[in-house]
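Structural characterization, general
Each chain, written out:
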Amino acid sequence: MDPDYSAQDVARCDICKSAIAQSYCDFCHVNLCQPCIGAHISDEYDKHKIVPILQRKSTMIYPKCKTHQNKTCEYQCKDCNIPVCSDCIVAKQHNKEHEFIKLEEVFNAKKKHIRRVTEDLEKQFLPAYEDIANDLKLQIASLDGEYKKLSTEMSRQREEIYREVDNAFNQMEKEIREIKVKHKSILQKHLDEIKQLQSSMLQTLYALNEVEESNEVSATINYSCKTEEFSKLPPKVNVSIPKFIPKQINREEFCSLIGKLSPLSTTLEERFFTVKKANTSVKELLDEPEVINTIKTGHEYLRSVTCLNEDQIWTSGQTDDMKRFNIQGVLQKTIQTKSGEFPWDIAEDTTGALLYCNLVTSTVYKVKNEQTEKIITLQGWKPLNLCVTSSGDLLVTMFNDDRTQSEVVRYSGSSIKQTIQFDDEGQHLYSGNGYIKYISENRNLDICVADMRAGAVVVVNQAGKLRFRYTGHSSPTKNKPFKPYGITTDSQGRILTADMDNHCIHILDTDGQFLRYIDNCGLSYPHGLCVDSNDSLFVCEYSKGSVMKIRYSK
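To keep things clear, this report deals only with the structure shown in the data block. (Residues numbered from 1 in each chain as written. Predicted model: local features only at pLDDT ≥ 70, side-chain atom pairs only at ≥ 80, totals over all residues. Heavy atoms only, no water.)

Side note on the overall build of the protein chain
To be explicit about the condition: Going along the chain from the N terminus, every DSSP run of H or I of four or more residues is numbered as a helix, and every run of E of two or more is numbered as a strand. Atoms counted for the radius of gyration: C-alpha only. Globule rule: 2.2 Å times the number of residues to the power 0.38. With a 1.4 Å probe rolled over the protein chains alone, any residue whose accessible area is under 20% of its type maximum counts as buried; one over 50% counts as exposed, and the rest are partly exposed. The contact definition used throughout considers only heavy atoms, calling two residues in contact when any of these lie within 4.5 Å. Note on areas: Shrake-Rupley with a 1.4 Å probe; residue coverage comes only from the protein chains shown.
Helix and strand content of the protein chain: 7 helices and 30 strands. For the protein chain, whose C-alpha radius of gyration is 45 Å, the value lies well above the compact-globule estimate of 24 Å for 554 residues. Taking all 554 residues of the protein chain together, 36% fall into the buried category. For the protein chain, restricting intrachain contacts to residue pairs at least 6 apart in sequence, the fraction spanning at least 24 positions comes to 45%. In the form shown here, the protein chain has an accessible surface area of approximately 35,000 Å², with 51% of it arising from carbon and sulfur atoms.

Structural data, given as structure tokens:
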């Protein structure tokens, strides 16, 4: 856009300096109001060209010929890549074998190229860099939470070490008490022996006193005095009190017992530019949604469905396998889980690989080219549900082992980029338990979680800030409490969530306003949801084990 003229900065006449300019002299390059046009062209100069202000600079200004001073160069030599005038060509002062092209054609071609480059910058490159900047802002915003989590893990280790130290000292104190009892027993035994000798000695003294006072000749003469056993003193008992010998603390060794921090590492990951295609079409909701097809999966208690593309879906239930069907319902492939447990949720990443999570092993697995690998293994937490974002990140809802806390964690590969757990007041965003928390990313990058236990759809923005909570829509025909299970979003940014107990789907706008129900299709206990690129809705019927394909928008 021309910096001299915009809707915010109205061009003023360059002659009178006050009136708004409606015209422009495309030769003299001055803005003109209507009254000043006459004054401007009143001289005898014949090259004035007055055009509307919005067509300013539409007249081409050709360069002056360096050979013929009064001529302008309207051609360009294609071989020499220099401008030439008509006299240069006629006078054959330029190489007659060279080819010439009108400068106007070169000018217009260059303008077209500039417009194309400008459009690429405005519509492609600037948004791509904006996404990169937003991603970095998001990482910066999540640093406090991540480092708080790191400190919490270290505090947990500190408490564990404190417990072990206390246990060790308590054990030693117990040993001291036991040794004291043994020590006392040894001394008491010898004391009892001494008291026994003392008693014997007193009896002997008593007998001697009686003999000494007696006047009986026979008794005195015949008395035998036995003092030999007292002449040898009993041995002295020396029992040493145990000593506490503290071990010299080696700081390095002690720190190694606690654990260690991995070093801060920085890697550069190559980015690949992808052209974004703006979705300008508006798809209105149908008055009466219609069932297009019903696929019998054979799963026991069907939980999850994800779109591989417009023609294929993956499904999973409470069995140890995941199945791929085409849109006609023909089974194409079956994959067994690595642990033999049923997958809690499934998702497809940007490479076409299938992801699934397992509560028993606290692990997220990736299946590609018939190979299964662990990509995330949690400690102290268990993964619940998965969502692959438009940028290729993986969002995982999870709860801790004692089922008191839940959170959303964003992964890039196996690395944590963001943790979402608390609102601005430090309150928990999600109910702290192991119940279902399906998750989806909206086209405006909001993160939408169906928190079944809380009876709410919780929506935060890309930075993890709470936008709104949707707690259901009052209806005389919906008698059961609102408990959202599956959740998905469509190309219009609408949010769709499964109200399992009321056998219907709620459709919300991007700000959480209720739009309508899908409740006319005979749905039975809807669970997992997904939407394909054409905004066709796939719904898992939990008890029936069927996937119902529904068209709900025009």
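Some details on the layout of surface pockets
Under the convention used in this document: Lining residues are defined by having an atom within 4 Å of a point belonging to a cavity or pocket. Those points lie on a 1 Å grid over the protein atoms alone, cavities being sets where a 1.4 Å probe fits but cannot get out and pockets being open sets with protein on both sides within 12 Å along at least five of seven lines. Grid points are joined across faces, edges and corners, and a volume is the space filled by probe spheres set on the points.
Counted as a void, the second largest pocket has a volume near 490 Å³. Put simply, the parts of the chain that give the lining of the second largest pocket at least two residues each are α4 (143-213) and α7 (251-258). It is α4 that provides the largest number of residues to the lining of the second largest pocket, a total of 5 residues.

Structural notes on the packing of aromatic side chains
How two aromatic rings sit relative to each other is set out by the distance from centre to centre and by the angle between their planes. Rules: Pairing of aromatic side chains requires ring centres within 6.5 Å, counting the rings of Phe and Tyr and the six-membered ring of Trp. Pairs whose planes differ by under 30 degrees are stacked, by over 60 edge-to-face, and all others tilted. We call a charge positioned over a ring when the NZ of a Lys or the CZ of an Arg lies within 6 Å of the ring centre and within 35 degrees of the ring normal.
Enumeration over the complete set of coordinates arrives at 5 aromatic pairs. The ring centre of W344 lies 4.1 Å from the NZ or CZ of R303, which sits over that ring.

Concerning helix α3 (residues 103-141)
Counted only if it meets this: By this rule the span expected of a helix is its residue count minus one, scaled by 1.5 Å. Working definition for bend: take the seven residues up to and ending at a residue and the seven starting at it, fit an axis to each, and measure the angle between the axes.
Over its 39 residues, α3 extends 53 Å from the first C-alpha to the last, a length consistent with the 57 Å expected when each residue adds 1.5 Å. Within α3, the axis deviates most sharply at L121, by approximately 40 degrees. Contact partners of the buried residues in α3: β4 (75-77), β5 (82-84), β6 (100-102), β18 (406-412) and β19 (415-420).

Overview of the pattern of salt bridges
Applicable threshold: Here, a salt bridge means any Lys or Arg side-chain nitrogen found within 4 Å of an Asp or Glu carboxyl oxygen.
Following the criterion strictly, the structure yields 17 salt bridges and no others. Among the ionic pairs, E407 bridges to K149, the shortest N-O distance being 3.0 Å. In this pair, E407 sits in strand β18 while K149 sits in helix α4, placing the two residues 258 residues apart along the sequence. Comparing E407 with K149, the two get one shared label, buried. The partner of D511 in a salt bridge is R467, and the shortest N-O contact between them spans 2.5 Å. Residue D511 is located in the loop between β26 (504-508) and β27 (514-518), and its partner R467 is located in strand β23 (residues 466-470); the two are separated by 44 residues in the primary sequence.

Regarding the sheet that holds strand β16 (residues 381-388)
Put simply, the test is: Following DSSP output, two strands are said to pair if at least two bridges run between them. An axis is simply a line fitted to the C-alpha atoms; with a helix, the fit covers only the stretch in contact. Between two such axes, the angle follows the N-to-C directions and lies from 0 to 180 degrees.
With antiparallel pairing, 4 strands are arranged side by side in an open sheet as β16-β17-β18-β19. With one partner strand each, in any of the chains shown, β16 and β19 form the two edges of the open sheet. Neighbour-to-neighbour, the strand axes of the sheet open up by a mean angle of 30 degrees, direction not taken into account. Pairing of strand β17 (residues 394-400) with β18, which is carried by 6 bridges, proceeds in the antiparallel orientation. Each bridged residue has a counterpart across the sheet, and for V396 the counterpart in β18 is V409. Across the sheet, α4 lies against β16, β18 and β19, angled at about 100 degrees from β19, the strand it touches most.

As for the sheet that holds strand β12 (residues 345-348)
One open sheet accounts for 4 strands, arranged β12-β13-β14-β15; its pairing is antiparallel. The open sheet is flanked by β12 and β15 (371-377), the only strands paired with a single partner. Going across the sheet, the axis of each strand differs from the next one's by a mean of 25 degrees, ignoring polarity. Of the strand pairs in this sheet, strand β14 (residues 363-368) and β15 are connected by 6 bridges, and their pairing is antiparallel.

Focus on unusual backbone geometry
Positioned with a positive phi, K17 is a non-glycine residue whose angle comes to about 70 degrees. Within the secondary structure layout, K17 lies in the segment before β1 (23-25). Given a relative accessible area of 60%, K17 falls into the exposed group. For H503, which is not glycine, the phi torsion reads 55 degrees and is therefore positive.

Side note on the environment of A168
Topologically, A168 is positioned in helix α4. Put simply, A168 and G426 are 258 residues apart on the chain and 37 Å apart in space, counted from C-alpha to C-alpha.

So, a nonpolar patch on the surface
Note the threshold: The patch calculation keeps residues exceeding 30% relative accessible area without a salt bridge and links them within 9 Å when they carry like charges or within 5 Å when they are nonpolar (Val, Leu, Ile, Met, Phe, Trp, Tyr).
On the surface, I140, L143, Y147, L150, L261 and L264 cluster together into a nonpolar patch covering about 670 Å² of accessible area. Per element, the largest residue contribution to the nonpolar patch is 3 residues, and it comes from α4. Positionally, I140 belongs in helix α3. Its relative accessible area of 58% is what places I140 among the exposed residues.

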